[in-house]
Amino acid sequence: MAAVAGTAAVAGAGAGPDLAVLVGLQAAGKSTFYAQCLSDRYELVSKDLFPRGARNKQARQMRLVAEHLAAGRAVAVDNTNPSPREWGPLVEAAHAHGATATAYWFPPDVPGSLRRNAAREGRDRVPDVGVLATCERLRRPSAADGFDAVHEVRFDGRGGFTVRP
């Protein structure tokens, strides 16, 4: 199914609170996908938005997620979230607040991510070794990980995305 900003083509639209966990390499398109397809319905939590020197970013992220879910708001977590170590506590928080947990999986395209990352400037650019290290840890999420739904997200070649189960 094609995802277009402002439509119900993306999971969680019209339902109760949902926690969207974006899973993929740096420069995979996660932030652009959030802006185009989720930003009208989901609050954003991203460690990239915290001050560079902020302490205990994980605890801060979990507190913000819990606050949004407790208030009945859908929330998207835009980080690499490469493995159950990162997404497990998020899934648990969603279910503890009576929300669904939806994974948006961005299959790895290492050359594409490195190319897009190289075009970034300043704080947005990640050293190539960081992208490669994330790739080594990256695992496709599944229902067995506690997700209520898992969707695969790919660029559609026209500046948007294709989302499919």
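Sequence positions are assigned chain by chain, starting from 1 and proceeding in written order. In keeping with the predicted nature of the model, local features appear solely for residues at pLDDT of at least 70, side-chain atom pairs appear and are counted solely at 80 or more, and the whole-chain, interface and lining totals rest on all residues. The side-chain values count all of the structure's non-hydrogen atoms but skip hydrogen atoms and water molecules.

*Asks:* An account of the overall build of the protein chain is needed here, citing residue identities and associated values.
*Replies:* To qualify as a helix, a DSSP run of H or I must reach at least 4 residues; to qualify as a strand, a run of E must reach at least 2; elements of each kind are numbered from the N terminus. For the protein chain, the count of helices and strands is five helices and seven strands. Along the protein chain, from the amino end to the carboxyl end, the secondary structure elements read β-β-α-β-α-β-α-β-α-α-β-β. Radius of gyration means the value over C-alpha atoms here, while the globule rule gives 2.2 Å times the residue count to the 0.38 power. Over its C-alpha trace the protein chain gives a radius of gyration of 15 Å, about what one expects of a compact globule, namely 15 Å for 165 residues. A principal-axis box enclosing the C-alpha atoms of the protein chain has dimensions of 40 × 40 × 30 Å. Across the 165 residues that make up the protein chain, the buried fraction comes to 42%. Here the contacts in the protein chain between residues at least 6 apart in sequence split such that 72% fall between residues at least 24 apart. Here, Shrake-Rupley sampling with a 1.4 Å probe gives the accessible areas, and only protein chains in the shown set may cover a residue. Summing over all exposed atoms, the protein chain offers an accessible surface of approximately 8,100 Å²; the carbon and sulfur share of this is 53%. Neither His nor the chain ends contribute to the count of charged residues, in which Lys and Arg are positive and Asp and Glu negative. Taken as the charge centre is NZ of Lys, CZ of Arg, CG of Asp or CD of Glu, depending on the residue. Looking at charge distribution, the protein chain has the averaged site of its 21 positive side-chain charges lying 4 Å from that of its 17 negative ones. A 1.4 Å probe rolled over the protein chains alone gives each residue an accessible area, and that area as a share of the maximum for its type sets the label: buried under 20%, exposed over 50%, partly exposed in between. Here a residue-residue contact requires only that any non-hydrogen atoms of the pair lie within 4.5 Å.

*Asks:* Would you mind going over the packing of helix α4 (residues 110–118) against helix α5 (residues 128–137) in detail, with residue names and values included?
*Replies:* Only the contacting stretch of a helix is used when fitting its axis, a line to C-alpha atoms as for every element, and angles between N-to-C directions run 0 to 180 degrees. The geometry of α4 relative to α5 is characterised by a closest axis approach of 10 Å and an angle of 150° between their N-to-C directions. In terms of orientation, α4 and α5 fall into the roughly antiparallel class. For α4 against α5, the interelement crossing comes out right-handed. Residues Val 110, Ser 113, Leu 114 and Asn 117 of α4 touch α5, and the partners they reach there are Asp 128, Val 131, Leu 132 and Cys 135. Residues were grouped as follows: Ala, Val, Leu, Ile, Met, Phe, Trp, Tyr, Cys and Pro as nonpolar; Asp, Glu, Lys and Arg as charged; and all remaining residues, including Gly, as polar. Across the contact of α4 with α5, the residue classes break down as five nonpolar, two polar and one charged. Reported orientations rely on four angle classes, namely roughly parallel under 35 degrees, roughly antiparallel over 145, roughly perpendicular from 65 to 115, and oblique for the rest. For any pair of crossing helices, the crossing counts as left-handed if the nearer helix is rotated counterclockwise from the farther one by less than a right angle, and right-handed if it is rotated clockwise.

*Asks:* Go over helix α3 (residues 84–96) with me, naming the residues and quoting the values.
*Replies:* The α-helix winds at 3.6 residues per turn, so residues separated by three or four positions along the chain end up facing the same way. Here the expected length of a helix is defined as 1.5 Å per residue gap, with one fewer gap than residues. End to end, α3 covers 17 Å across 13 residues, agreeing with the expected 18 Å (1.5 Å per residue, within 8%). Among all positions of α3, only Glu 86, Trp 87, Gly 88, Leu 90, Val 91, Ala 93 and Ala 94 are buried. The inward-facing, buried residues of α3 contact β2 (18–23), α2 (57–70), β4 (75–78), β5 (100–105) and α5. Positive phi shows up at Gly 98, right after α3, with a value of about 75°.

*Asks:* How would you sum up the packing of aromatic side chains? Please name residues and give values.
*Replies:* Ring pairs are drawn from Phe, Tyr and Trp, using the six-membered ring of Trp, whenever the two centres fall within 6.5 Å, and their geometry is named by plane angle: stacked under 30 degrees, edge-to-face over 60, tilted for the rest. Scanning the entire structure with this criterion turns up five aromatic pairs. When the centroid spacing of 5.6 Å and the interplanar angle of 80° are considered together, the rings of Phe 33 and Phe 106 count as edge-to-face. Here Phe 33, found in helix α1 (residues 30–38), pairs with Phe 106, found in the loop between β5 and α4; they are 73 residues apart in sequence, far enough to count as distant. The residues Phe 33 and Phe 106 share a single accessibility class, namely buried. Cluster of aromatic residues (ring-pair linked, three or more members): Phe 33, Tyr 104, Phe 106, Phe 155 and Phe 161.

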